Amino acid sequence: MALDVKQLGETFFAEVTGVDLTRKLDDDTYREINGLLLQYGVLLFPDQRLTDEAQEVFSEWYGELEVTFNDDEKFTAHLSNVDEDGTIRDPNSRQSSFLRANQQWHSDSTIFQAPARISFLSGREVPPVSGETEWADLQAAWEALPEDRKQELDGLIVEHDFQNSRIKAGHKFDEEQRKRWPPLPHPLVRTHEETGKKALYVGSQATHVVGWPRDKGEALIEELLAFATQPRFVHTHTWRQYDFLMWDNRRVNHRGRPWDEAKYPRVLHRTTVKGTGPTMEGDKPVDEYAREQQVHALAFLSRDQRAA
Ligand SMILES: [Fe+2]
């Protein structure tokens, strides 16, 4: 099948046409699309009128699917401000604030030791204005850092807490949520298992650097996230109905943008392919990582103090 590919972002993000994803494809086409995903990080397929079933068939070719938060027998999450009876949900409800946290930069499913590899999002109903989705190229951001900075950062471990982004959106976890999604360590710099390329791995769920004084780690995370989401690394996508996007969570961050939630429906259906393995070797408690990180931290922070 002849796919037409047009790069839309400065360093990543391509639009792909010439393929009908509502039909089962041949293996060569699925593979070709995977090659494009590795090359561009985010792919946009316009005008794909997918049902949930067709979206799952397409997604599943790339790996085992994650179940949704609400129902562990379902694989398609409905990210929507419309309730089942068709009315627009109260923007002040708990469900609304939970979803609104997705308006902060993140990579999907850092709540798992093996976080999501690929996410797929289908625009079933989109607002006429605003409500865009943005992606940031964390691989290009990493490559733009000076060599000595890269050496300092590579090897650091960051704790990710799903609740962190929720609190910022006004949603405090209840006890059951706290138990279900405990904080987890992930490397600050990830190496992509298929391309071998490195990328920063930092988003709104990252809270602090393991083994570092809390304030120093928070400041570093804030600095790197601001660096990686500068306009030169970001592409903004304005939704049209039936747009279908897939992205590589090992390389990019994303966030939704606000819209008039009380007025316009915004209904996006997501499927997600599981990660192939944990980002960290072994299964050690965070404290143990913290002890190992002390040495690295001391070297790093003493350099900082010398500079101050
Ligand atoms: Fe997301």
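Before going into details, it helps to say that this report is about the structure given with it. (Residues numbered from 1 in each chain as written. Predicted model: local features only at pLDDT ≥ 70, side-chain atom pairs only at ≥ 80, totals over all residues. Heavy atoms only, no water.)

## Comments concerning empty space enclosed by the protein
- Per the counting criterion, the structure on display carries one cavity of 30 Å³ or more.
- By volume, the largest cavity amounts to about 60 Å³.
- In terms of lining, the largest cavity is formed by H106, S107, T110, H160, Y201, V202, G203, S204, Q205, A206 and N253. (1 Å grid on protein atoms, 1.4 Å probe; cavity = no way out; pocket = protein on both sides within 12 Å on 5 of 7 lines; lining within 4 Å. Points joined across faces, edges and corners; volume = space filled by probe spheres on them.)

## What about the environment of H171?
- The topology assignment puts H171 in the loop between α6 (162-168) and α7 (175-180).
- Here the alpha-carbon distance between H171 and S130, two residues 41 residues apart in the chain, equals 23 Å.
- Setting aside residues up to four positions removed in sequence, H171 forms contacts with R94, S97, F98, R166 and Q177. (Helix = DSSP H or I, 4+ residues; strand = E, 2+ residues; numbered from the N terminus. Contact = heavy atoms within 4.5 Å.)

## Digging into the nonpolar core
- Ranked by internal contacts, the top residues of the largest apolar core, which has 25 residues, are L153, L156, L188, L200, V202, L220 and L224.
- Secondary-structure elements contributing two or more residues to this core are α4 (138-144), β10 (198-200), β11 (206-209) and α8 (214-228).
- By residue number, the principal contributor to this core is α8, which donates five residues.
- A14, V16, Y62 and M246 belong to the second-largest nonpolar core, a separate cluster that totals 23 residues. (Core = buried A, V, L, I, M, F, W, Y, C linked by side-chain atoms within 4.5 Å. Buried < 20%, exposed > 50% of the residue type's maximum accessible area, 1.4 Å probe, protein only.)

## A closer look at the pattern of salt bridges
- By the definition in use, this model includes 23 salt bridges.
- With a closest N to O distance of 3.0 Å, D83 and R89 form a salt bridge.
- Look at R89 and you get buried, because its relative accessible area is 11%.
- A salt bridge links D248 to R250, with the nearest nitrogen and oxygen atoms 2.8 Å apart. The two residues D248 and R250 agree in class, both being buried.
- Taken together, the shared-partner salt bridges in this structure form one network comprising E193, E194, D248 and R250. (Salt bridge = Lys/Arg side-chain N within 4 Å of Asp/Glu carboxyl O.)

## Things to note about the pairing of strand β1 (residues 4-7)
- In this sheet, strand β2 (residues 14-17) lies alongside β1 in antiparallel orientation, the contact comprising four bridges. Counterpart to Q7 in the pairing with β2 is A14.
- In textbook terms, the turn of a hairpin is the stretch between consecutive antiparallel strands, and for β1 and β2 this stretch comprises six residues, one of which, F13, has a positive phi near 70°. (Pairing = 2+ DSSP bridges.)

## Topic: the sheet that holds strand β8 (residues 184-187)
- On the basis of which strands lie adjacent, the open sheet formed by three strands has the order β8-β7-β11 and antiparallel pairing. The open sheet is flanked by β8 and β11, the only strands paired with a single partner. Each adjacent strand pair in this sheet contributes to an overall mean axis angle of 35°, direction not counted.
- Taken together, the three bridges between strand β7 (residues 157-160) and β11 define a ladder with antiparallel strand orientation. Along β11, the bridge assignment pairs V158 with V209.
- Relative to β11, α8 is tilted by about 125°, and along the sheet it contacts β7 and β11. (Axes fitted to C-alpha atoms, helices over the stretch in contact; angles between N-to-C directions.)

## A word on the coordination of the iron ion
- Within the protein, the iron ion binds to H106 (NE2), D108 (OD) and H254 (NE2); these donor distances fall in the range 2.2 Å.
- The class for H106 is buried, based on a relative accessible area of 6%.
- The buried category is assigned to D108, whose relative accessible area is 3%. (Donors = N, O, S within 2.8 Å, 3.2 Å for Na, K, Ca; no water.)

Any link to function would need more than the numbers given here.
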